[in-house]
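The lines below spell out each chain.
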Amino acid sequence: MLDWSDDVIDIREQFPINRENTTIIAEHMNIKHPLDSSTQTPVVMTTDFLITLRHDSKITYMARTIKPEKELNNTRVIEKFGIERTYWENQDVDWAIVTEKDLPKTIIDNIKWLRSSYILPDTIDSSFIIILLEKLKTGTGTILNNLKEFDEIYHLENGTAISLFRHTLANKLVKVDITKKFDLTADLSTIEVTSLHLEEKRWAT
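Because the structure is predicted, anything quoted here is derived from the model rather than measured.

## Concerning the sheet that holds strand β1 (residues 8–16)
Two strands in a sheet stick together by hydrogen bonds in their backbones, pointing the same way (parallel) or opposite ways (antiparallel). Pairing in this open sheet of four strands is mixed, and the strands run β1-β2-β3-β4 from one edge to the other. One side of each edge strand has no neighbouring strand; the edge strands of this open sheet are β1 and β4 (94–98). Direction aside, the axes of adjacent strands within the sheet are offset by 25 degrees on average. Examined bridge by bridge, strand β2 (residues 46–55) and strand β3 (residues 58–66) share seven bridges and lie antiparallel to one another. By the bridge assignment for β3, L50 is matched with A63. Set on the sheet, helix α2 (residues 75–90) makes contact with β1, β2, β3 and β4; between it and β4 the angle comes to about 150 degrees.

## What to know about the environment of K32
Mapped onto the elements, K32 comes out in the loop between α1 (19–29) and β2. Considered as a pair, K32 and S189 are 157 residues apart in the sequence and their alpha carbons are 58 Å apart. Apart from the residues within four sequence positions on either side, K32 is in contact with R76 and I83.

## Describing the nonpolar core
Grouped together as the largest cluster of nonpolar side chains are 30 residues, with contacts concentrated most on L136, I143, L164, F165 and V174. Within the residue set of this core, elements represented by two or more residues are α3 (105–115), α4 (128–138), α5 (143–153) and α6 (160–170). Contact partners of V174, with chain neighbours within four places excluded, come to L133, L136, F165, T168, L169, I191, E192, V193 and T194.

## Here's the deal with the pattern of salt bridges
Under the criterion given, the structure shown has 11 salt bridges. R12 serves as the salt-bridge partner of D10, at 3.5 Å between the closest nitrogen and oxygen. You can call D10 partly exposed: its relative accessible area is 30%. Given a relative accessible area of 31%, R12 falls into the partly exposed group. Across the pair K101 and E69 runs a salt bridge, and its minimum N-O distance is 3.0 Å. Of the two residues, K101 is situated in the loop between β4 and α3 and E69 in the loop between β3 and α2; the sequence distance between them amounts to 32 residues. By relative accessible area, which is 62% here, K101 ends up exposed. By relative accessible area, which is 34% here, E69 ends up partly exposed.

## Re the pairing of β3
Hairpin connection between β2 and β3: a loop of two residues separates the two successive antiparallel strands, and D56 in this loop has a positive phi of roughly 60 degrees. Summarising the sheet, β3 and β4 pair through five bridges and their orientation is parallel. Its bridge partner being in β4, A63 is matched across the sheet by W95.

## As for α4
Inspection of α4 places F128, I129, L132, L133, K135 and L136 among the buried residues, and these make up the whole buried set. All buried residues of α4 fall inside an arc of 160 degrees around its axis, so they share one side. Turned more than 90 degrees off the buried face of α4, the exposed positions are K137 and T138. Buried-residue contacts for α4 involve α5, α6, β5 (174–175) and β6 (192–193).

## Observations regarding the confidence of the model for the protein chain
Should pLDDT be low for a region, the predicted coordinates there are not to be read in detail. Counting all residues, the mean pLDDT for the protein chain is 92, and 95% of those residues have values of 70 or more. Within the model, the stretch residues 200–205 combines pLDDT values under 50 with 21 contacts to residues more than four positions away or in other chains.

## So, the packing of α1 against α2
Two elements in contact, α1 and α2, have axes separated by 9 Å at closest approach and are oriented at 115 degrees. The two elements α1 and α2 meet at a crossing, and its hand is right-handed. Across the interface between the two elements, N21, T22, I25, A26 and M29 from α1 touch G82, I83, R85, T86, Y87 and N90 from α2. Of the residues belonging to the contact of α1 with α2, the class tally is five nonpolar, five polar and one charged.

Conventions used here
Residues numbered from 1 in each chain as written. Predicted model: local features only at pLDDT ≥ 70, side-chain atom pairs only at ≥ 80, totals over all residues. Heavy atoms only, no water. Pairing = 2+ DSSP bridges. Helix = DSSP H or I, 4+ residues; strand = E, 2+ residues; numbered from the N terminus. Axes fitted to C-alpha atoms, helices over the stretch in contact; angles between N-to-C directions. Contact = heavy atoms within 4.5 Å. Core = buried A, V, L, I, M, F, W, Y, C linked by side-chain atoms within 4.5 Å. Buried < 20%, exposed > 50% of the residue type's maximum accessible area, 1.4 Å probe, protein only. Salt bridge = Lys/Arg side-chain N within 4 Å of Asp/Glu carboxyl O. Arc of directions from axis to C-beta. pLDDT = per-residue confidence, 0-100. Left-handed = near helix turned anticlockwise from the far one by under 90°. Nonpolar A, V, L, I, M, F, W, Y, C, P; charged D, E, K, R; others polar.

Below is the structure:
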């Protein structure tokens, strides 16, 4: 989901946070800081995701910790989260916990379906992309029927147009409602061609 977002420009995982600061925070909160089991010295705590976002020309950050909901009843887990939360509050960075209940299944399934199509296979001629997009802009009927017809017109192997279509979706040349399950039998009116040109850019943009 972070990869898909247009606002996200950097994702850092297991981001280490300043041990000196977290130690002081733990002391002030009267919480035992996580220790190395062999040396009994404070360990460097990490945050699962530190995300850099760009809104127009403004850069902001948000920190996110991932945890199964059932573990939120664990007192020790909550104590460590208290240290982490206070650390990011002191840095003026938005911090929150994300559980499996916060992850929209339909959106994730859609992105998974598209992700492998970001790069077009060498077996498919990329020059067909613009031709397909033009057809999608002017055609009528269902998406699937138009894709099948495209394969027939250009004597392509069955399924080639579907691969091309997924590629255009993955690169956001075609706009769809990502919150709804992709349905190739839907009418062409449910999609919007946003560009006829594929630019070199990272997945998130």
